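# Notes for the structure review
Below are the chains, spelled out letter by letter.
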Amino acid sequence: MKIGYARVSTVGQDLDTQERLLTEEGCEKVFVEKVTGTSTAPRKALQQLLDHVREGDTLYVTKIDRLARSIIDLNKIVPELNEKGVSVVFLKESLHFKAGNGADSINTLLFNILGSFAQFERDMIVERTTEGRERAKKAGKHMGRKAGHSEKDLRKAIDLYNKRGDNSMSVADICKLTGVKRATLYAKIKQQTPAE
């Protein structure tokens, strides 16, 4: 049986392309995962796949880095599948790791080299992202989601909060009126309250 495995690490990545390529390859079942390559969270679909495959099956993966998080991970998963009698095919790299005694030494060498490059590329992306974030913080740029309110709205919310005795408004009413989130309002009020 031909089985496929597809993984994306972010919402923006294209899962459809992977699934289409695997279906075109004749995969009858495709296991799909949405988890980052660097995450330590368990990959449930991969575990289901490992439990599902049987001797004589062939696993198809679009690229090496879709299956493994690191070269160590790669060298654990593929031999485990081969020992179960399952062959593994990486489409982009055109590598085929046959179950049993069909292991090709050149393929194994390429497998390790390409796996190392994939891990290196991932590490470089993480490093560049971290450096970029640090530069932006030093330059005073706000990181993360933009606030859904202006400073003026926040001041108005605080003013309304402080005058609740007169205006009889609840915190929910104030937040709805100004567009300031409840947590933001409470955090700002806490900052302005002098410590006793």
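Residues numbered from 1 in each chain as written. Predicted model: local features only at pLDDT ≥ 70, side-chain atom pairs only at ≥ 80, totals over all residues. Heavy atoms only, no water.

## Overview of the environment of Glu93
Note the cut-off: Segments assigned H or I by DSSP are reported as helices when at least four residues long, segments assigned E as strands when at least two residues long, and all are numbered from the N terminus. We call two residues contacting when some pair of their heavy atoms lies within 4.5 Å.
Inspection of the secondary structure puts Glu93 in the loop between strand S4 (87-90) and strand S5 (95-97). Taking the C-alpha atoms as reference points, Glu93 and Val61, separated by 32 residues in sequence, lie 9.9 Å from one another. Aside from chain neighbours lying at most four places away, what touches Glu93 is Thr62, Lys63, Ile64 and Leu114.

## A look at the packing of aromatic side chains
Note the following rule: Only rings of Phe, Tyr and Trp enter the pairing, Trp through its six-membered ring, and a pair is recorded when the two centres are within 6.5 Å. The plane angle decides the type: under 30 degrees is stacked, over 60 is edge-to-face, the rest tilted. Exposed residues in this analysis have more than 50% of their type's maximum accessible area, buried residues have under 20%, and partly exposed residues fall in between, with area computed by a 1.4 Å probe over protein chains only.
Scanning the entire structure with this criterion turns up 2 aromatic pairs. Where Phe90 meets Phe97, the ring centres are 6.2 Å apart and the plane angle is 75°; that geometry is what we call edge-to-face. Of the two residues, Phe90 and Phe97, neither departs from the other in class, the shared state being buried. Note on Tyr161 and Tyr186: the rings are 6.4 Å apart at their centroids and 90° apart in plane angle, and the pair reads as edge-to-face. Of the two residues, Tyr161 sits in helix H6 (residues 151-162) while Tyr186 sits in helix H9 (residues 182-192), which places them 25 residues apart along the sequence.

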